[in-house]
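Understanding the architecture of this molecule
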Amino acid sequence: MRHPKRAAAVAGPAIERPSFVLATGLVLALAAIKLLDPVMRLRPEIVDGSIADRLLTGLTSFGEGVELLVGSGVLLLALAAIDPAGLGRGVRRRLLEVATTFGFVFASVAGSGLLASLVKNLFGRARPENLVGDGVFQIHQVVFASKWAAFPSGHATTAGASAAVLALLFPRWRGPILAAGAAIALTRVALGAHFPSDVTAGFALGAAFTLMLAQALAARGLVFRHGADGRLRPNATGGPAGWFDLLADLMASRRPPQA
């Protein structure tokens, strides 16, 4: 008896492959070391306390990812505290999916940040303000000091991870979200805290780490799925559309039965 052949899976776009994103970021970072990093010495100085300084400092704070970490962490704990007893099978499934979504958000931002912190401290590249002489690349490996922890940029890594998370969950706004994430990462260059190559590598690392988690979840049918064109799509159950459905289901389940 012949079994019907399964349709071959369509390969997604290269931009959603973690290896491609990371490799592209490293290539661009190498190019930046040669072409852009030397120009750092020519950038205009930002006066402490000036309007530009306050604006850039405010924008760069979003590169810490605190909002996503705290928000997803609190929501994850709140969902974990819900007693599934008495909930229907569909509601329990939606509860698991939504909890997994917030777990994905937290793991992407926190995991990429921890990875960047480890790599940059092991690598030990000097920050622009700590360079001696005319070079742009001085190494002090495994020192674990902030002034020797420039590559990759931690803020840019978190900005890349945050932008990738939001772009995957809200694909309709992918372009503006990624542009905003890149702008936040570039504030590290404007403030003189990092070279362009540090920021490029960090943003790619954060995005690649997030895509790795998203692809792993999609392979298990959690949070994401692969569309007909191979692109990652948020599931209806665990994606943003399902969050309000879950809230409605939980409110309905807690209503006292009518007489």
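Here we summarise the structure given alongside this text. Please read all numbers here as calculations on a predicted model, not as lab measurements. (Residues numbered from 1 in each chain as written. Predicted model: local features only at pLDDT ≥ 70, side-chain atom pairs only at ≥ 80, totals over all residues. Heavy atoms only, no water.)

1. A word on the packing of helix α4 (residues 89-123) against helix α7 (residues 196-219)
Where α4 meets α7, the axes come as close as 9 Å, and the angle between the chain directions of the two elements is 145°. Considering how the two elements wind past one another, α4 and α7 form a crossing that is right-handed. For the pair formed by α4 and α7, the contact residues are Thr100, Phe104, Ala107, Ser108, Gly111, Ser112, Leu115 and Ala116 on the first element and Leu205, Gly206, Phe209, Thr210, Leu213, Ala214 and Leu217 on the second. Residue composition of the contact of α4 with α7, grouped by class: nine nonpolar, six polar and no charged. (Axes fitted to C-alpha atoms, helices over the stretch in contact; angles between N-to-C directions. Helix = DSSP H or I, 4+ residues; strand = E, 2+ residues; numbered from the N terminus. Left-handed = near helix turned anticlockwise from the far one by under 90°. Contact = heavy atoms within 4.5 Å. Nonpolar A, V, L, I, M, F, W, Y, C, P; charged D, E, K, R; others polar.)

2. So, the packing of helix α5 (residues 154-169) against α7
Packing of α5 against α7 brings their axes to within 6 Å, and their N-to-C directions diverge by 40°. Judged by the inter-axis angle, α5 sits oblique to α7. Considering how the two elements wind past one another, α5 and α7 form a crossing that is right-handed. Residues Ala156, Thr157, Ala159, Gly160, Ala161, Ala163, Ala164, Val165 and Leu168 of α5 lie in contact with α7, whose contacting residues are Val199, Gly202, Phe203, Leu205, Gly206, Ala207, Thr210, Leu211 and Ala214. Looking at the contact of α5 with α7 residue by residue, the class counts come to 13 nonpolar, five polar and no charged. (Parallel < 35°, antiparallel > 145°, perpendicular 65-115°, else oblique.)

3. With respect to the side chain of Thr187
Its place among the elements puts Thr187 in helix α6 (residues 174-190). On the accessibility criterion, Thr187 (3% relative accessible area) is buried. Beyond its immediate chain neighbours, meaning those up to four positions away, Thr187 contacts Leu56, Leu59 and Thr60. (Buried < 20%, exposed > 50% of the residue type's maximum accessible area, 1.4 Å probe, protein only.)

4. Points about α7
Note on helix geometry: an α-helix contains 3.6 residues per turn, so any two residues three or four positions apart are oriented the same way. For α7, spanning 24 residues, the distance from its first C-alpha to its last is 35 Å, which sits close to the expected 34 Å at 1.5 Å a residue. Most of α7 sits inside the fold, with 18 of its 24 residues counted as buried. Trailing α7 by a residue or two, Gly221 shows a phi angle of about 75°, which is positive. (Expected span 1.5 Å × (residues − 1).)

5. Description of the environment of Leu28
Position of Leu28 among the secondary structure elements: in helix α1 (residues 18-35). On the basis of relative accessible area, Leu28 is assigned to the partly exposed category, the value being 49%. Separated by 173 residues in sequence, Leu28 and Ala201 have C-alpha atoms that sit 7.8 Å apart.

6. Quick look at unusual backbone geometry
Residue Pro152 is reached from Phe151 by a cis peptide bond, and omega for that bond is -5°. Within the fold, Pro152 resides in the loop between α4 and α5. Positive phi values are uncommon outside glycine, yet Val223 reaches one of about 65°. On the secondary structure map, Val223 appears in the loop between α7 and β1 (224-226).

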